[in-house]
Amino acid sequence: MAGRPRFLCGVVEGFYGRPWSVEQRKLLFQWLKRRELNCYMYAPKDELKHRLLWREPYTEHEAARMRSLIKAAQEQGVEFVFAISAGQDMVFSSAGDRLLLQQKLRQVAAMGCHSFALLFDDIDPCMCQADRDVFPTLAQAQASVANEAYQELGQPSIFLFCPTEYCSSLCSPSPSQSCYLLTLGQELLPGIGVIWTGPKVVSQELSATLLEEVEGVLRRRPVIWDNLYANDYDCRRVFLGPYTGRAPGLMSRLCGLLLNPNCELQANFIPIHTLGSWFQSELGSCARPDHAGMEITVALRDSQGPQKGAYSPQEDTYSPQEALELALLDWVAEINQQALEPGGRAPGHPSISLKGGTRLQPGSGGQEVVSDPQPHDCAPGGAEQCGREPCGVAPGPGWGKVTSEPGKGSGSRTSADGQQSPTGAGDPLTAGSRESCKPSALRSAAGSTPSIATPLATETLHSPGPAVCRSNRASASQNLPLPTRDARTGGGSPSQPPCSAQPEASRADMSQTPPGPGAGASPGSPAPLPNGAGASPGSPAPLTDGAGASPGSVAPLPDGAGASPGSLAPFPDGAGASPGSPVPWTPEEAGSGTMALLTLEKAGSGPTEPLTAKEARSSPTAPVTPEEARSTPMAPVTPEEARSSPTALVTPEEARSCPTALMTPEEARSNPTAPLTLEEVRMLVELFYLPYHHGSQAQHLLEHFRWLWANSLSVGVPAAADDASGGTRWRGRAQSFQRLCAQICRLHSRLVSSAGRALLYDLHRYLWDIRNVLLAASAFVLWLDGHLLCDPDPKGTWGSCFGWCKSITAPTLLGGDAEPWARRGGLFGELQALLPVGNSCDLFYHPPPLFPSSQLYLLRPLLPPDKAELYRMCRESLDCDPRVAEILVAHPDLLGDRLLGSFLSLSPEYTFVLEDEGGPCGYAAGALCAEDFLQQRDSNWLPATRHKYPRDLGTGTPAPGQDALEEALLFFHTEPLAVPLPVLRRFPSLVQLGTAPRVQDVGASRSLAICLLSALRANGSRGVFCQVSATDQQQLSFYSGLGFVALPVAWDSSPGTRLLGRLL
């Protein structure tokens, strides 16, 4: 072979899961050419004829597609390397298998391919008996096959070999002492290159020292197969950050570097862009006269041909952050150009109707309908048959470059997700910044652009003005400012209910029992999806035959009726009233009161930077002071520090003057499909950064949530009298956390409204996951303020088990040598694990909706004005006859009392509300101590309610809605039977959920349930139960998806009612 082959730098399609389509690969070739990258390796693990059916030749149709692919790569100046993975079931000593392998390679060579690779990764290292009889070691067997194929092809200039021990962690005991690698170095012909992934399967860093060791063992410089962005081992993670962790000057120790990227093509723009910047920087460094190994590096540079953007000696140092800034500019242009192309946006995805929920096609029966986003011209050899499954299992120490190791001798693998990914646009890419990663280029292109977005403006959800509720157990510092609904229309009359002490529950913690898998269900869908998928708790329809699923109405009770002293009644209508009358919220109390709810309007109104020292002294919700900031590692930065920080948030004035800043709520409402801005795309990247690192926004989220959890007892019940400053500081951090959550929820809505079809279907499910967990986390933080029990008694209370609960749900502390699949879920997993029921929630996977919705949701604790809205939702959810409607007009609270009345009267502190732009659209209600709750309901609340509704209210004749009416009246006028005592002992808390029919998003419904379960678990509950009609398949499917199982207990309350339970 004359001369040195050029350094290979590009992409290897080497992941498990759905292979890319031909059109997506052609788009990739354009990206590679733009970034002056020169290589693409075809190695999709789940393309049948690449691995499982490697012996079968390509059909005429498949060969034509492969030929067009090879030609397209060559037209873009990209070297096409055809790889085949035959080691899974090949008999190395079989002449037949060797012949079939060589025939397959010759077939591809006849299509115009000149470069090849044999892959023996992720296979069983044990040989069959026939091979053991011929070859002393596995390395000799593999080398024999590779040498023969290499010579049969005429010793091509590029012929790569992937060993079974392809990283340091798979070598025993080390690369330099591995008999396998030493044998390969001796046996492989010199012209064959060897693939290496680094110290680990997914290597955080690559150093020249390690590569020198590998080079010495293999007797050749390796080709790096870089898994930094591989995400097929975790269906909840995608990586959008810059190429990093590779030491300068690596090219002199390598023959090439190929990036194995995200499974989603559209997620790879920044990885490929920054890889190109790294490559050009390395080529530029080869021109330095003082560079070690000058002859080698000059040869490397010269082998690439003329370089358009060669670096000068002053500009040849690669900076990941500068490369990211350049890549962001180009990606924003690319995203918005794709959205403008014909068919770029998914049909109808901008601005879903608020009142009607998701757009439905006629005849869909209320189910979401969407066309297949993935074209059918996928990879040759039946790649279309290999869709990715919902989630894979974390690999163990012996796993390969990707997540799941196939079973020995079989072709089965677990892939990461079930979402189809559409083809990328085949049109030429938009023009953006074409310069390499130079500091000067960065300054000229993005010098005035702030690094972190101004707080993402969020759409207004009607939110009420202040009110307060008191408890006989809480001091004045625990007054809860609850906004009233009047604030939505400019009114401001405060409404202040009395509060209650929460009932005591057993504090003994039980180990979690993972229930069986459940279908992804979503409350409130008009009709269940096939096989229960997407089913929801449905409309809040009453149960049948007196099932005690949800107690009835709120009626004025006689003196003392309704509860024990101090019971909470959040509505100032006298229902269930208890000692302690409403007291207006004074300015003085505001200084010591709990944190007011943050509305979506407020969340988008300003940046999240802390207040000044002067503002802090006058604000009851101000973040920490400068002195506190210096003494607290996770405290917010001061304004001075923010202005001097490269990642500081811009001010509102700067945001208005910056064309790339995040949109305000007004701008978003006036133009919901406006192009995504630079700061919105930056936030997206920082949420899904790199396998070992979070972006700054993601890190802020985690720091805020961890700090709020660790210090939540400072705002619990009762709080220490001398800890007023701690409560103020806590509420300041809580508001910062809320604002950041609201910005990310807005980003989800903007992505759905503005992104092109290909990008949306590739990235939506990841951002959807983050949005869902933040809905629950934000509401849970609001609930913590004034509801967390912190009894000073160290035995049997939440105060004593708080540390234990955190320890079992917190992310595992990983060693420095842990692979990234140990960090299950990335940012989503870490946020979810911080919730009290976080770990168990991950057992029940809910796939994202087929039809993404841009609807904004707000999840929060109950407010006094919510009662009327929730009762209206109950009425409107019932499809009834005009005669029944007349009865409901005369008794508008009947259905609301049946479903929610007793919870709102006796246990409002465990009620959460889901709200969209149309108002409340769902609820989750619970009682911490179900035994006390049911006793108070049956003895006090039900007798008072019976006077409101005569037994003979029904129409007397069958009519739509009559069954629900009769069931409610039967419940009010029949003495309910007691829940079996074993149920109350094992599952001490009661829950109930419901949503309006317009709520089609299963994620919002699941977040509602998770928030309620977290609140109950935080105050010591060990398990929850609910009562569901045996005929309500939507509710049964939804609860099953949350881990509820049918309880095998005898209960004579109603033959049509089931008890479902779930341990916490």
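Residues numbered from 1 in each chain as written. Predicted model: local features only at pLDDT ≥ 70, side-chain atom pairs only at ≥ 80, totals over all residues. Heavy atoms only, no water.

J.: It is not clear to me how the pattern of salt bridges should be interpreted in this structure. Could you clarify?
T.: Any two side chains of opposite charge can pair, on the condition that their charged atoms come close. A complete count under the given rule lists 30 salt bridges for this structure. Among the ionic pairs, E215 bridges to R253, the shortest N-O distance being 3.8 Å. Taken together, the positions of E215 in helix α7 (residues 208–218) and R253 in the loop between β7 (223–226) and β8 (256–259) put the pair 38 residues apart, joining distant regions of the chain. Assessed through its relative accessible area of 28%, R253 is described here as partly exposed. Across the salt bridge formed by R246 and D226, the nearest N and O atoms sit 2.7 Å from each other. A residue pair is termed long-range when its members are at least 10 positions apart, and R246 in the loop between β7 and β8 and D226 in strand β7 qualify at 20 residues. For D226, a relative accessible area of 0% translates into the label buried. (Salt bridge = Lys/Arg side-chain N within 4 Å of Asp/Glu carboxyl O. Helix = DSSP H or I, 4+ residues; strand = E, 2+ residues; numbered from the N terminus. Buried < 20%, exposed > 50% of the residue type's maximum accessible area, 1.4 Å probe, protein only.)

J.: Sorry if this is basic, but what is going on with the packing of aromatic side chains here?
T.: The description of two aromatic rings rests on the distance between their centres and on the angle between their planes. By the definition in use, this model includes 24 aromatic pairs. With centroids separated by 5.9 Å and ring planes inclined at 10°, the aromatic side chains of Y42 and F82 adopt a geometry described as stacked. Of this pair, Y42 sits in strand β2 (residues 39–42) while F82 sits in strand β3 (residues 79–84); the two residues are 40 residues apart in sequence, bridging distant segments of the chain. We classify Y42 as buried; its relative accessible area is 0%. On the accessibility criterion, F82 (0% relative accessible area) is buried. In this structure an aromatic cluster arises from ring pairing among F29, Y40, Y42, Y58, F80 and F82. The side chain of K45 reaches across the aromatic face of Y16, ending 5.8 Å from its centre. Note that K104 overlies the ring of Y58, its terminal NZ or CZ placed 4.9 Å from the centroid. (Phe/Tyr/Trp six-rings, centres within 6.5 Å; stacked < 30°, edge-to-face > 60°. Lys NZ or Arg CZ within 6 Å of the ring centre and 35° of its normal.)

J.: Explain the confidence of the model for the chain here, please?
T.: Detailed reading of the predicted coordinates is not advisable wherever pLDDT is low. Summing up the model confidence of the chain, the mean pLDDT is 73 and the portion of residues at 70 or higher is 60%. Overall, residues 598–660 carries pLDDT values under 50, and its contacts beyond four positions in sequence, including any with other chains, amount to 116 contacts. Of the regions scoring below 50 in pLDDT, residues 792–814 engages in 35 contacts with residues more than four places distant in sequence or in other chains. (pLDDT = per-residue confidence, 0-100. Contact = heavy atoms within 4.5 Å.)

J.: Would you mind showing me how to read the side chain of D916 here?
T.: Turning to its location among the elements, D916 is positioned in strand β10 (residues 911–916). A relative accessible area of 1% places D916 in the buried class. There is a polar contact of 2.8 Å between the side chain of D916 and the backbone nitrogen of G918. (Polar contact = N/O pair within 3.5 Å; in protein donor to acceptor, adjacent residues only side chain to side chain.)

J.: Before we go on, may I ask you to explain the pairing of strand β12 (residues 989–995) in this structure?
T.: Working note: regular strand, side chains alternate between the two faces of the sheet. Burial within β12 is extensive, with seven of its seven residues counted as buried. Summarising the sheet, strand β11 (residues 919–927) and β12 pair through six bridges and their orientation is antiparallel. Counterpart to G922 in the pairing with β12 is T995. With two bridges joining them, β12 and strand β13 (residues 1023–1029) adopt parallel strand pairing. Its bridge partner lying in β13, S989 is registered against V1024. Between the parallel pair β12 and β13, the chain is carried across by helix α32 (residues 1002–1018), and the sense of this crossover is right-handed. (Pairing = 2+ DSSP bridges. Right-handed = clockwise from strand over helix to strand, strands pointing away.)

J.: What is the right way to look at the environment of S1007 in this model?
T.: Within the element layout of this structure, S1007 appears in helix α32. By relative accessible area, which is 3% here, S1007 ends up buried. Remark: the alpha-carbon pair of S1007 and V773, spanning 234 residues in sequence, is separated by 6.5 Å. With near-sequence residues (within four places) excluded, S1007 lies in contact with N772, V773, L775, A776 and L859.

J.: Honestly, the environment of S907 in this entry has me stumped. Any pointers?
T.: Mapped onto the secondary structure, S907 falls in the loop between α28 (894–906) and β10. By relative accessible area, S907 is classed as buried at 4%. With residues near it in sequence (within four places) discarded, S907 still touches S902, G926, A927 and F933.

J.: What is the right way to look at the environment of A885 in this model?
T.: With respect to the element layout, A885 can be found in helix α27 (residues 882–890). On the basis of relative accessible area, A885 is assigned to the partly exposed category, the value being 28%. A sequence separation of ten residues divides A885 from R875, and the C-alpha atoms of the two residues are 9.0 Å apart.

J.: What exactly am I supposed to notice about the nonpolar core here?
T.: Note that soluble globular proteins tend to have their nonpolar side chains buried in a common cluster. Ranked by size, the top nonpolar core spans 246 residues in total, and within it M41, F80, F82 and W331 carry the most contacts. Among the elements that make up this core, the one with the highest residue count is helix α22 (residues 757–787) (16 residues). Beyond its immediate stretch of four places on either side in the chain, M41 contacts V11, V12, E13, V81, A83, A117, L160, I195, W225 and L258. (Core = buried A, V, L, I, M, F, W, Y, C linked by side-chain atoms within 4.5 Å.)

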